[in-house]
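Remarks on the overall topology
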Amino acid sequence: MASILDEYEDSLSRSTVLQPGCPSVGIPHSGYVNAQLEKEAPIFTKQRIDFTPSERITSLVVSCNQLCMSLGKDTLLRIDLGKANEPNHMELGRKDDAKVHKMFLDPTGSHLLIALSSTEVLYVNRNGQKVRPLARWKGQLVESVGWNKALGTESSTGPILVGTAQGQIFEAELSASEGGLFGPAPDLYFRPLYVLNEEGGPAPVCSLEAERGPEGRGFVIATTRQRLFQFIGRVAEGAEAQGFSGLFAAYADHPPPFREFPSSLGYSELAFYTPKLRSAPRAFAWMMGDGVLYGSLDCGRPDSLLSEERVWEYPEGVGPGASPPLAIVLTQFHFLLLLADRVEAVCTLTGQVVLRDHFLEKFGPLKHMVKDSSTGHLWAHTERAVFRYHVQREARDVWRTYLDMNRFDLAKEYCRERPDCLDTVLAREADFCFRQRRYLESARCYALTQSYFEEIALKFLEARQEEALAEFLQRKLANLKPAERTQATLLTAWLTELYLSRLGALQGDPDALNLYRETRERFRSFLSSPRHKEWLFASRASIHELLASHGDTEHMVYFAVIMQDYERVVAYHCQHEAYEEALAVLARHRDPQLFYKFSPILIRHIPRQLVDAWIEMGSRLDARQLIPALVNYSQGGEAQQVSQAIRYMEFCVNVLGETEQAIHNYLLSLYARGQPASLLAYLEQAGASPHRVHYDLKYALRLCAEHGHHRACVHVYKVLELYEEAVDLALQVDVDLAKQCADLPEEDEELRKKLWLKIARHVVQEEEDVQTAMACLASCPLLKIEDVLPFFPDFVTIDHFKEAICSSLKAYNHHIQELQREMEEATASAQRIRRDLQELRGRYGTVEPQDKCATCDFPLLNRPFYLFLCGHMFHADCLLQAVRPGLPAYKQARLEELQRKLGAAPPPAKGSARAKEAEVGAAAGGPSREQLKADLDELVAAECVYCGELMIRSIDRPFIDPQRYEEEHLSWL
């Protein structure tokens, strides 16, 4: 047998596609260009399975990619479509004439029920190879099965519903376990639940569907030939073992709600559409005598599962009397009717036939049609052939249908991925709303289309709908790209003009006050909208011009605040003399540049409040930038003006710690003009060091001199260390002040004496006050009576100076006595020194032959040596090595120079010729050998290296030289 699923297009089958096609190239009004290079494939594509059955096909079911068909009366063919080349044949093992009535396959593809015409039922599991009879089911001709989608597994069906030809509904459960000869039967139980009746009594249960809803609710839909029943109830959590008995028990006393239709086919069939496997079904279609009842399934409704119901009549030539439909399957937007010679697909939205597919007579009449919910494929068969339908992009043109129905929301939903189609829907919706005079909705839709901007704008202008036009412009503005600056500028200007014109028209009408307020709020919302902020900021100049041309100062200020153009806001308030409002804006936004710009204006009108704002700004403001405003303001010289300027300058100096010279100089000028009492206090607080004051000393001196503040001038002279000028000026003010100045040069006694002489001369010559002059003499110990006497006039008697002269004479006498005592002490000290020198000439030391050098411990007499009074003895070279490290650098250099010269000098002369040559060398100016040795001894042997200062200075010297530490350390290892 060839591969069963080697598929090929049935070139012999004839199909008529009635669905509208798309043009190959088109340019719609929206401006989109649609180019279609190849013809689009139809929604329903039929393929014949390359399979020739050995016997006639009596039944076929497909679920979860598992296909089962019965051949003849005793053969079962099972195919896993994922492994199509591995078919499985099974023999039913029937010896009687019983035929296969129907087959049922659960949603998992695991449990197959075979209903025989002999009222027997066989069970086959997907993983088993046995056909097992269901003993409890015997005697029932099964017409329908309602599978349990929530609890069904590969090993168990869970509680299921079974409908029979006698109108009975049973509950059953099947298990796939095979326990051997004495093992449990697959049918765990089989019990009756309900009987469906029509007018004449019990009627066959043609279809059964069971579903679970939210909150533990259960739904069962059962159909007979003319009725559709609904069973709705609540299933308790954890009570799955009870199955459906509780649901049906609620209808023991009264019949369930049902829909009934007069005509009958003698049978009916119910189809569900489920978007995904194991999800809740969304729509249903019931094939019955009067047509197809189609609607939605809403599990949330308390009274009925069905909603949005409508009956689609059968197409022409289809029905109970003509060509009755044999089966029905439901897809997302179509239901397909199976007739004996063809398949017709009907759109569930319009009821129109979109496909009429005829089959060749050679295949025989069509028998049945099923749908595999897991793959979406549709399967149809005759007795000699099997066909499969592929459903491709079923929703591709649904938007057109919804568009023709004016259901624009659904149309947009199904063309969201296709911009050209979406634009068409939006344009149609906009036109529809415009005709319905829903202008605002129309404007919102037009703004999303690619329609010509000018046409839409003129359309609203002609209809005098400025509000809708504004909405359209706002939406267009929000959709602009950052690069479209020109369009944004035009739109913002136009919108502003529209709002201003409308506000101007409504402002004077008292009857339109509410409308005016609403329009104003919309305008302000437009100006403050974050979506338009970028464009409004770019067009702020033109918008301000429009606001000014309309004289709308209120919104001019409002817009300036939104754009953070506070300069314009403050300027507006100043122009209208609302200075406090202007200052409030400045204080709120704390922009230093705005303070610098508007302070010259505000300080003339609200100086105190402005200075308060300056102080609150603190260090954010540069006081130098505010000096021009203060200078212009304080030129009037009024006390209030100067006091406000001084208040801010004092804040800068005392609180902010400003050190800028300009600020201190200006504060000095303010003190000099307005508060002289504070001038001297400020100068004294600044200090007396010329390097630490922050004002210009020369400027301060000139300023104080111009305004006649002499005490302040004296202080500046003192800071400048011009003590003579300070004393001269202080004598014009106060003698005590002059005395303070005279004592300042503490290190220069000559200058102090000179300054005190100035004071004495002033007191004697100008004030002619001898007592005060004598007080000055007593105040300065540098002055003597003889220094002051020349200043007194000749007629002054000595009585005035008697005490001073006596005191002076006593001082001289005491001084002479001190000198005599010092001379006597000096004479005694000289005599002691002479006596010590005589004693030193007689001192000597003894060197024994066994004496050794204190440094090298070798005999001392082997080489030249030094003997110190302390008793230490050193070789000359050893002493030199011991002394050298402790000498300063310059002495070390001197030592090397002496050694070099001593080495170059001639040896000691032994004859008269040598002595004569040494005398000649000394006469020539060069040092003699004896002089060099004396200098060397002075450096090396001035003191004992162990007992002198050299040893004391070496107390902090390490025992090991740091440069030789590593070498010494390694030698110990």
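Residues numbered from 1 in each chain as written. Predicted model: local features only at pLDDT ≥ 70, side-chain atom pairs only at ≥ 80, totals over all residues. Heavy atoms only, no water.

Per an unreviewed UniProt entry, the protein carries the name Vacuolar protein sorting-associated protein 18 homolog and comes from Cervus elaphus hippelaphus. Of the protein, the UniProt comment under Sequence similarities (unreviewed entry) reads exactly: "Belongs to the VPS18 family." (UniProt positions renumbered as here; feature names shortened; annotations may be inferred.)

Regarding the overall build of the protein
Along its length, the protein carries 34 helices and 36 strands. Within the protein, the fraction of its 973 residues that count as buried is 45%. Considering only contacts in the protein between residues 6 or more positions apart, those separated by 24 or more positions represent 52%. (Helix = DSSP H or I, 4+ residues; strand = E, 2+ residues; numbered from the N terminus. Buried < 20%, exposed > 50% of the residue type's maximum accessible area, 1.4 Å probe, protein only. Contact = heavy atoms within 4.5 Å.)

Thoughts on the packing of helix H8 (residues 485-507) against helix H9 (residues 513-528)
Packed helices, taken two at a time, are described by the angle their axes make and the gap between the axes. Between H8 and H9, the least distance of the axes is 9 Å, while the angle of their chain directions is 160°. Taken as axis vectors, H8 and H9 run roughly antiparallel relative to one another. The crossing of H8 and H9 is left-handed. Side by side, H8 and H9 meet where Thr492, Leu495, Thr496, Tyr499, Leu500, Arg502, Leu503, Leu506 and Gln507 of the first sit next to Leu515, Tyr516, Thr519, Arg520, Arg522, Phe523 and Phe526 of the second. Residue classes in the contact of H8 with H9 are distributed as nine nonpolar, four polar and three charged. (Axes fitted to C-alpha atoms, helices over the stretch in contact; angles between N-to-C directions. Parallel < 35°, antiparallel > 145°, perpendicular 65-115°, else oblique. Left-handed = near helix turned anticlockwise from the far one by under 90°. Nonpolar A, V, L, I, M, F, W, Y, C, P; charged D, E, K, R; others polar.)

Description of the packing of aromatic side chains
Enumeration over the complete set of coordinates arrives at 25 aromatic pairs. Grouping aromatic residues by their ring pairs yields a cluster made of Phe434, Tyr439, Tyr446, Phe453, Phe460, Phe472 and Trp494. Lying over the aromatic face of phenylalanine 387, lysine 46 brings its terminal NZ or CZ to 5.5 Å of the ring centre. (Phe/Tyr/Trp six-rings, centres within 6.5 Å; stacked < 30°, edge-to-face > 60°. Lys NZ or Arg CZ within 6 Å of the ring centre and 35° of its normal.)

Details of unusual backbone geometry
Not every positive phi belongs to a glycine, and arginine 464 is a case in point at roughly 55°. Here arginine 464 is to be found in the loop between helix H6 (453-462) and helix H7 (466-478). Backbone geometry at glutamate 577 places phi at a positive 60°, although glycine is not the residue there. Checked against the element boundaries, glutamate 577 lands in the loop between helix H13 (566-575) and helix H14 (579-589).

Concerning the environment of serine 619
By the secondary structure assignment, serine 619 is in the loop between helix H16 (607-617) and helix H17 (623-634). Exposure remark for serine 619: the relative accessible area of 65% places this residue in the exposed category. Separated by 38 residues in sequence, serine 619 and glycine 657 have C-alpha atoms that sit 9.8 Å apart.

What to know about the sheet that holds strand S26 (residues 291-297)
Taken together, four strands build an open sheet; the order of strands is S24-S25-S26-S27 and the sheet is antiparallel. Whereas interior strands pair on both sides, the edge strands pair on one side only; in this sheet they are strand S24 (269-273) and strand S27 (306-312). The mean inter-strand angle of the sheet, taken between neighbouring strand axes irrespective of direction, is 20°. With five bridges connecting them, S24 and strand S25 (residues 283-288) associate as antiparallel partners. Each residue of the ladder has a partner; that of glutamate 269, found in S25, is methionine 287. (Pairing = 2+ DSSP bridges.)

Observations concerning a nonpolar patch on the surface
A grouping of Leu861, Phe865 and Leu867 is seen on the molecular surface, where their side chains present a nonpolar patch of about 240 Å² in accessible area. Along the chain, leucine 861 falls in the loop between helix H28 (802-841) and strand S35 (865-867). Overall, the relative accessible area of 45% leaves leucine 861 in the partly exposed class. (Patch = residues over 30% accessible without salt bridge, like charges linked within 9 Å, V, L, I, M, F, W, Y side chains within 5 Å. Areas by Shrake-Rupley, 256 points an atom, 1.4 Å probe, with all protein chains shown as cover. Salt bridge = Lys/Arg side-chain N within 4 Å of Asp/Glu carboxyl O.)

As for helix H21 (residues 697-706)
Buried residues of H21: Leu697, Ala700, Leu701, Leu703 and Cys704, and no others. Each buried residue of H21 lies within a common arc of 165° when the element is viewed along its axis, so the set occupies one face. Residues of H21 that are exposed and angled more than 90 degrees away from the buried face: Lys698, Ala705 and Glu706. Those residues of H21 that are buried lie in contact with helix H19 (661-674), helix H20 (676-686) and helix H22 (710-719). Trailing H21 by a residue or two, glycine 708 shows a phi angle of about 70°, which is positive. (Arc of directions from axis to C-beta.)

Notes on the state of the cysteines
Evaluated as defined, the whole model comprises zero disulfides. Cysteine 445 provides the cysteine sulfur closest to cysteine 433, a residue in no disulfide bond, and the two sulfurs are 5.2 Å apart. Free of any disulfide, cysteine 853 has its nearest cysteine sulfur in cysteine 856, 3.8 Å distant. Residue classification places cysteine 853 among the buried positions, given a relative accessible area of 2%. (Disulfide = S-S within 2.5 Å.)

Some words on the nonpolar core
Within the largest apolar cluster, 73 residues are counted, with the highest numbers of intra-cluster contacts made by Phe595, Leu602, Trp614, Tyr648, Met649 and Tyr695. With eight residues, helix H18 (residues 639-655) is the single largest residue contributor to this core. When neighbours within four sequence positions are excluded, tyrosine 695 is seen to be in contact with Gln661, His664, Asn665, Leu668, Tyr682, Leu683, Ala686, Ala700, His715 and Val719. Counting 37 residues, the second largest nonpolar core, distinct from the first, contains Tyr446, Phe460, Leu500 and Leu547. (Core = buried A, V, L, I, M, F, W, Y, C linked by side-chain atoms within 4.5 Å.)

Structural notes on the environment of proline 214
When you line up the elements, proline 214 lands in the loop between strand S20 (207-212) and strand S21 (217-223). The class of proline 214 is partly exposed, set by a relative accessible area of 43%. Considered as a pair, proline 214 and glycine 300 are 86 residues apart in the sequence and their alpha carbons are 7.1 Å apart.

Thoughts on the side chain of aspartate 106
You can see aspartate 106 is positioned in the loop between strand S10 (100-105) and strand S11 (111-116). Overall, aspartate 106 belongs to the buried group, its relative accessible area being 3%. In this structure, aspartate 106 is in contact with Ser63, His111 and Trp147, ignoring residues within four places of it in sequence.

What about the sheet that holds strand S8 (residues 75-80)?
The antiparallel open sheet is built from four strands, whose spatial order is S6-S7-S8-S9. In the strand order of this sheet, the two ends are held by strand S6 (57-63) and strand S9 (88-91), each with one partner. Put simply, the sheet's adjacent strands are angled 15° from each other on average, direction ignored. Pairing geometry for strand S7 (residues 66-71) and S8, over six bridges, is antiparallel. Among the inter-strand pairings, cysteine 68 is bridged to a residue of S8, identified as arginine 78.

Let's talk about the pairing of S25
For S25, a buried count of six out of six residues is recorded, marking the element as mostly surrounded by other parts of the structure. Neither face of S25 is exposed, since Ala283, Ala285 and Met287 on one face and Phe284, Trp286 and Met288 on the opposite face are all buried. With six bridges connecting them, S25 and S26 associate as antiparallel partners. Its bridge partner lying in S26, methionine 288 is registered against glycine 291. Once S25 ends, the chain turns through two residues before running back antiparallel as S26.

Topic: the packing of H6 against H7
At a minimum axis separation of 9 Å, H6 and H7 run at an interaxial angle of 155°. Relative to H7, H6 is oriented roughly antiparallel. Note on element contacts: H7 touches H6 through Ala468, Leu469, Phe472, Leu473 and Lys476, opposite Phe453, Ile456, Ala457, Phe460 and Leu461. Grouping the constituent residues of the contact of H6 with H7 by class yields nine nonpolar, no polar and one charged.

Concerning the side chain of threonine 108
Here threonine 108 lies in the loop between S10 and S11. According to the relative accessible area criterion, threonine 108 is buried, its value standing at 12%. One polar contact links threonine 108 to aspartate 106, side chain to side chain, over a distance of 2.4 Å. Within the local environment of threonine 108, its side chain forms a polar contact with the side chain of serine 110, the two groups lying 3.1 Å apart. Discounting residues that sit within four places of it in the chain, threonine 108 has contacts with Ser63, Cys64, Arg126, Gly152, Thr153 and Arg278. (Polar contact = N/O pair within 3.5 Å; in protein donor to acceptor, adjacent residues only side chain to side chain.)

Thoughts on the pattern of salt bridges
Evaluation of the coordinates by the stated rule reveals 37 salt bridges. With a shortest N-O distance of 3.3 Å, lysine 149 and glutamate 209 are connected by a salt bridge. Taken together, the residues lysine 149 in the loop between strand S14 (142-146) and strand S15 (160-164) and glutamate 209 in strand S20 connect sequence positions 60 residues apart. Residue lysine 149 is classed as partly exposed on the basis of its relative accessible area, which comes to 29%. A salt bridge links lysine 412 to glutamate 429; the shortest N-O distance between them is 3.1 Å. One end of the pair, lysine 412, is in helix H3 (residues 408-413); the other, glutamate 429, is in helix H4 (residues 419-435), with 17 residues separating them in the sequence. Put simply, Asp341, Arg342, Glu344 and Arg356 are held in one network by salt bridges that share partners.

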